[in-house]
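# Notes for the structure review
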Amino acid sequence: MRVADKMNYGQSLKNINQSRSEMAASQNQLATMKRVTKPSDDPVAATRTLGARTELHAMDQFMRNIQGAQSFVQLTDQSLGEATDLMVRLKELAIQEANEASANETTRKAVATEAKQIYEELLTIANRQFGDRYLFGGYKTKSKPVNEVGAYQGDEGELRVEIGKNTTLAMNIPASRVFFGSVLNSNRGDSKALDPRVVEDLYDPARIDKPAQVPKQFGEDENIQIRGPAAIDAAEAKQIADDGKKIVQGENVFNSLKTFIVGLETNETSVIQDSITRLDDSMNQIITARSQVGARARMLDNAMASLQKQTVDSKGMISELEDADVFKVASDITQHESALKATLDTSGHLVRLSLLDFLR
Amino acid sequence: MAKINAIMDIGKRAMMNSQTGIQTVSHNIANKSTEGYSRQRVEMKANEPIGLGKTRVGMGARPGDVTRTTNEFLEKQIANEQTKLGFSKGEADYMMRVEQIFNEQINKGLNQFMGDFFNSFREFANQPESTSNRALVKETAEHVGKDFTRVNKQLKDIQSEMDFQLQVEVESINRIAAEIADINKNIQTVEMSGGHSNDERDRRDLLLKELGEKINIRVGEGKDGRITVTAGDTALIVSGFESGRLEAVPTAAKDRKREGNFDIMFTSNKYDQPVAITRQIREGTLGGVINVRDNVVNNLREKLDQLAHHFSKSVNEVHRMGFNLYNEQGLDFFEPIGQVEGASEAIRVNSEIMDDPAKIAGAASAKSPGDSRVALVIANLQFAPSMGNNMSTMADFYNGIVGELAVSTKKTNSAFEHQAAVLDQLKNIRESISGVSLDEEAVKMIEYQRAFEASAKVIKTADEMFQTILNLKS
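Just so it is clear, the model here is predicted, and its values are computed rather than measured.

### A few points about the overall build of chain A
- For chain A, the count of helices and strands is eight helices and six strands.
- Each helix (α) and strand (β) of chain A, taken in turn from the N terminus, gives the series α-α-α-β-β-β-β-α-α-β-β-α-α-α.
- Of the contacts made within chain A by residues no fewer than 6 positions apart, 70% connect residues no fewer than 24 positions apart.
- In the form shown here, chain A has an accessible surface area of approximately 17,900 Å², with 54% of it arising from carbon and sulfur atoms.

Below, the structure is given as structure tokens:
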């Protein structure tokens, strides 16, 4: 093949340029530690990392959500623990005073004072705040859930937080369920409006919360048994009709306590004896609520652990996809460097060689 | 019968021939680096011998034509490939720029801003009573809106830049066309008298390649060495000694072209109306630029509009179901956008919400400050398959845009590299045929120099022969 001078020059230039641009590319990889610095470097990797970053970004938020919920749940648990302790004390007192042998009007009066004290303490617990939110008020987080006469002012709202893709968890238990015997395990029907996921769920009019069905406000429909055996069977009293359906009601903690106090103050043994059961029911109700809270705390922990694992996995995947293999890049650079040196060397010689030099 | 006079004459002409040879060598050397130059050589011819009877004596040599060494077919092939290269280059230059707008490998982009937006609603749901959470939602929403607008604006800016390049390219096309028309005239003048216009033809070939790199052309050569050049299908930009004019002017929307982007207009002479030939331009830099401008970028802008429209519409739909801190039914979160086209430009947070974040309606029921169900439904929109026949989420849709763009950018880049390599190869072959080699020229120079010396010796010998004869008498 005939070789013209321009071919030599052109080829040398092309080779040098190529070596230099390969060097620059490797150098850039090493400097950024990234193999993919723009989508076209590797379209598949780029879109996959983009997707993974979206997830990662959301997972970060889920973890923040869980952290917030954990404190909330912890405080709830602590409060219910305190309430349980108070109930245990009340039961002790009730058993002690239910018995004519060891109790009399004077001791009952003294215990009534203590019971009133406990009533106040329970009220304080029911009105406890986390930051400036009331723990037990349902959606009504800005106003006291229970007023001083022991009536519930909140609603049945569940404060939900997103703890995973498409998964929410209610972090609160409204006081209606803990202290007022609204059904603990009920999800109040199966309306999706309670935990809506899509806009269609919100079309359900049930989303606009009905006033909480708080049973047996003190003095309303409650029979405080102050004289003799109960006129109404206690078990029957716990069942009230709602839309034709019988809903099993729990115990109204404040009412049971009030009944106890009335019994003490009136020195009525049968009322005090009756209230033992009611106080016992109340305590069990609070313990049940607390165990639910415990279950939630565990769910939060589990969700957190799995999110942490997923985060590590996602980060690993992103790194796999877009990070530079440092060893490979370093060896590439060495390789390119020697190639460039060789190119420069040969080009220098080739370009200089000419017949004209030998014609003197 | 040989004659001393004839010998002297042959010597003289041989000396002149050598000079012609050396002059051609020096011309080659001088043009060693001239782009598009083809090496030339003198074709020497032996003169008609004269003689009587059987003895025919040679009469020396005379220079025939000075011709250029070139391969017409190769030149055509190079021109073809150069047109393709121009297209890839026009595309690749801008695809790279467009890609940067969507590059989230290093910088924060729309995908992340949208993620932030949904996350802010999750944070809001953690504590809907908090004013700082409301402010956060407002801020992130504002950022999403701004980023939609940013991407759209940058795409538009690139389109205007492409228009500007079209204008510049069109000017150089006109200049090249005018020069070709001029060269046509020179070539015709030279070749009518039977000569070879080597240098003019080299120059014209080069110009045609340059022209072809910018726009798809067809070339026709007449008998007298004149050529006609048609750009696109109908724009006769060079016809003999005349050249037409191209112009890039903003026109109304047409086909895929948007309002205000430039059309390429052709005017054959000053009496004619300009005709748009944009659609005929399929190759060359112009073709590449127009393709990116009207297809790639507009496609992206449409998708972006779809996303912005869908995004704001679905957020609004949910938000209207909510209740704000004043226990009022939720407003539209984003200002409602009527049509899809232009949505990415129009998207912004409702000014009432901007002024008062307490109007963010995250609750599903009134008088429930702790209720954040609506906020959670909005956050959930992020992973709801609501686009593309309910097959993909908004993030998927956006990632799809980026993925598609990445693939076509990669394709364009490799097409460009491939095309450049092909052209390099062809140019190498061309150089091996037409290029100047200094070694070769040096050899030729010595050859002619020696011939020159020998010819002088011939004259000297003839002269001595004369002397010998003259000395016979004395």
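### Observations regarding the layout of surface pockets
- Here the largest pocket is characterised by a volume of approximately 1,800 Å³.
- As for the largest pocket, its lining consists of 49 residues, and the residues nearest its centre are Gln18(A), Ser21(A), Phe416(B), Glu417(B) and Ala420(B).
- Counting only elements with at least two residues in the lining of the largest pocket, the list comes to α1 (5-32) of chain A together with α2 (72-101), α5 (198-214) and α10 (394-434) of chain B.
- Of the residues assigned to the lining of the largest pocket, the class counts are 14 nonpolar, 16 polar and 19 charged.

### Considerations on the sheet that holds strand β6 (residues 227-231) of chain B
All names here are of chain B.
- Strand order in this open sheet of four strands is β5-β6-β7-β8, and the pairing throughout is antiparallel. Edge positions in the sheet fall to β5 (217-221) and β8 (242-243), since each of these pairs with one other strand and no more.
- Bridge analysis of β6 against strand β7 (residues 235-239) gives four bridges, and the strand direction is antiparallel. Its bridge partner lying in β7, Val229 is registered against Val238.
- Set on the sheet, helix α4 (residues 131-192) makes contact with β6, β7 and β8; between it and β7 the angle comes to about 40 degrees.

### As for the pattern of salt bridges
Residue and element names in this part refer to chain A.
- Per the counting criterion, the structure on display carries 64 salt bridges over all chains.
- Glu162 is the salt-bridge partner of Arg197, the closest N and O atoms lying 3.7 Å from each other. A residue pair is termed long-range when its members are at least 10 positions apart, and Arg197 in the loop between α4 (175-178) and α5 (234-237) and Glu162 in strand β3 (residues 160-164) qualify at 35 residues. Here the two residues Arg197 and Glu162 agree in accessibility, since each one is buried.
- Taking the shortest distance from any N to any O, the salt bridge between Asp195 and Arg197 comes out at 3.6 Å.

### Considerations on the interface of chain A and chain B
- Between chain A and chain B, the contact holds 63 residues from the first and 69 residues from the second.
- Taken together, both faces of the contact between chain A and chain B bury some 5,500 Å²; the carbon and sulfur share is 55%.
- Applying the counting rule to chain A against chain B returns 26 residue pairs in polar contact (both at pLDDT 80 or more).
- Breaking the side of chain A that touches chain B down by element, the ones donating at least two residues are α1, α2 (43-97) and β3 of chain A.
- Broken down by element, the residue count for the side of chain A that touches chain B peaks at 15 residues, all from α2(A).
- Classifying every residue of the side of chain A that touches chain B by side-chain character gives 27 nonpolar, 14 polar and 22 charged.

### Examining a nonpolar patch on the surface
- A grouping of Tyr9(A), Leu350(A) and Val351(A) is seen on the molecular surface, where their side chains present a nonpolar patch of about 240 Å² in accessible area.
- Within the secondary structure layout, Tyr9(A) lies in helix α1.

### Structural notes on the environment of Gly244(B)
Residue and element names in this part refer to chain B.
- Position of Gly244 among the secondary structure elements: in the loop between β8 and β9 (245-250).
- Placed 130 residues apart in sequence, Gly244 and Met114 show a C-alpha to C-alpha distance of 52 Å.
- Aside from chain neighbours lying at most four places away, what touches Gly244 is Asn174, Leu236, Ile237, Phe266, Thr267 and Ser268.

### Some thoughts on the environment of Gly232(B)
Residue and element names in this part refer to chain B.
- Position of Gly232 relative to the elements: it lies in the loop between β6 and β7.
- Each C-alpha atom of the pair Gly232 and Arg282 lies 7.5 Å from the other, and the pair is 50 residues apart in sequence.
- If we skip the residues at most four places from it in the chain, Gly232 touches Asn216, Arg218 and Gln280.

### Looking at the confidence of the model for chain B
All names here are of chain B.
- Overall, the predicted model of chain B reaches an average pLDDT of 92, with 100% of residues at or above 70.
- When mean pLDDT is taken per element in chain B, helix α6 (residues 284-319) scores highest with 95 and strand β2 (residues 50-52) scores lowest with 77.
- Predicted complex, confidence summary: ipTM 0.83, pTM 0.85.

### A short note on the pairing of β7(B)
Residues and elements named next belong to chain B.
- Hairpin remark: β6 followed by β7, antiparallel, with three residues in the connecting loop; positive phi at Gly232, about 65 degrees.
- Two strands pair when backbone bridges link them, and β7 and β8 are joined in this way by two bridges, in the antiparallel orientation. Residue Ser239 lies in a different strand from β8, and its bridge partner there is Glu242.
- Connecting the antiparallel pair β7 and β8 is a turn made up of two residues, with Gly240 showing a positive phi of about 65 degrees.

### Digging into the packing of helix α3 (residues 110-126) of chain B against α4(B)
Residues and elements named next belong to chain B.
- Following both chains from N to C, one finds α3 and α4 inclined at 160 degrees, their axes separated by 9 Å at the closest point. Overall, the two elements α3 and α4 adopt an arrangement that is roughly antiparallel. Every pair of crossing elements has a handedness; the one defined by α3 and α4 is left-handed. Only Asn133, Arg134, Leu136, Val137, Thr140, Ala141, His143, Val144, Asp147, Phe148 and Arg150 of α4 make contact with α3, whose side of the interface consists of Leu110, Phe113, Met114, Asp116, Phe117, Ser120, Phe121, Glu123 and Phe124.
- Class assignment for the residues of the contact of α3 with α4 results in 11 nonpolar, four polar and five charged.

### Things to note about the pairing of strand β4 (residues 167-170) of chain A
All names here are of chain A.
- Across four bridges, the pairing between β3 and β4 is antiparallel. Across the sheet, residue Val161 finds its bridge partner in β4, namely Leu169.
- Connecting β3 to the antiparallel partner β4 that follows it, the hairpin turn spans two residues, and Asn166 within it adopts a positive phi of roughly 65 degrees.

### Quick look at the nonpolar core
- Phe102(B), Phe117(B), Ile237(B), Phe311(B) and Phe333(B) are the most contacted members of the largest nonpolar core, which has 86 residues in total.
- Here this core gets 17 residues from one element, more than from any other, and that element is α4(B).
- Setting aside residues no more than four positions away along its own chain, Phe333(B) makes contact with Phe117(B), Phe121(B), Val137(B), Ala141(B), Val315(B), Asn316(B), His319(B), Val349(B), Asn350(B), Ile353(B) and Ile360(B).
- With 61 residues, the next largest nonpolar core counts Tyr119(A), Phe254(A), Met283(A) and Ala303(A) among its residues.

Cut-offs used in this document
Residues numbered from 1 in each chain as written. Chains lettered and ligands numbered in written order. Predicted model: local features only at pLDDT ≥ 70, side-chain atom pairs only at ≥ 80, totals over all residues. Heavy atoms only, no water. Helix = DSSP H or I, 4+ residues; strand = E, 2+ residues; numbered from the N terminus. Contact = heavy atoms within 4.5 Å. Areas by Shrake-Rupley, 256 points an atom, 1.4 Å probe, with all protein chains shown as cover. 1 Å grid on protein atoms, 1.4 Å probe; cavity = no way out; pocket = protein on both sides within 12 Å on 5 of 7 lines; lining within 4 Å. Points joined across faces, edges and corners; volume = space filled by probe spheres on them. Nonpolar A, V, L, I, M, F, W, Y, C, P; charged D, E, K, R; others polar. Pairing = 2+ DSSP bridges. Axes fitted to C-alpha atoms, helices over the stretch in contact; angles between N-to-C directions. Salt bridge = Lys/Arg side-chain N within 4 Å of Asp/Glu carboxyl O. Buried < 20%, exposed > 50% of the residue type's maximum accessible area, 1.4 Å probe, protein only. Buried area = accessible area lost by both parts, 1.4 Å probe. Polar contact = N/O pair within 3.5 Å; in protein donor to acceptor, adjacent residues only side chain to side chain. Patch = residues over 30% accessible without salt bridge, like charges linked within 9 Å, V, L, I, M, F, W, Y side chains within 5 Å. pLDDT = per-residue confidence, 0-100. Parallel < 35°, antiparallel > 145°, perpendicular 65-115°, else oblique. Left-handed = near helix turned anticlockwise from the far one by under 90°. Core = buried A, V, L, I, M, F, W, Y, C linked by side-chain atoms within 4.5 Å.

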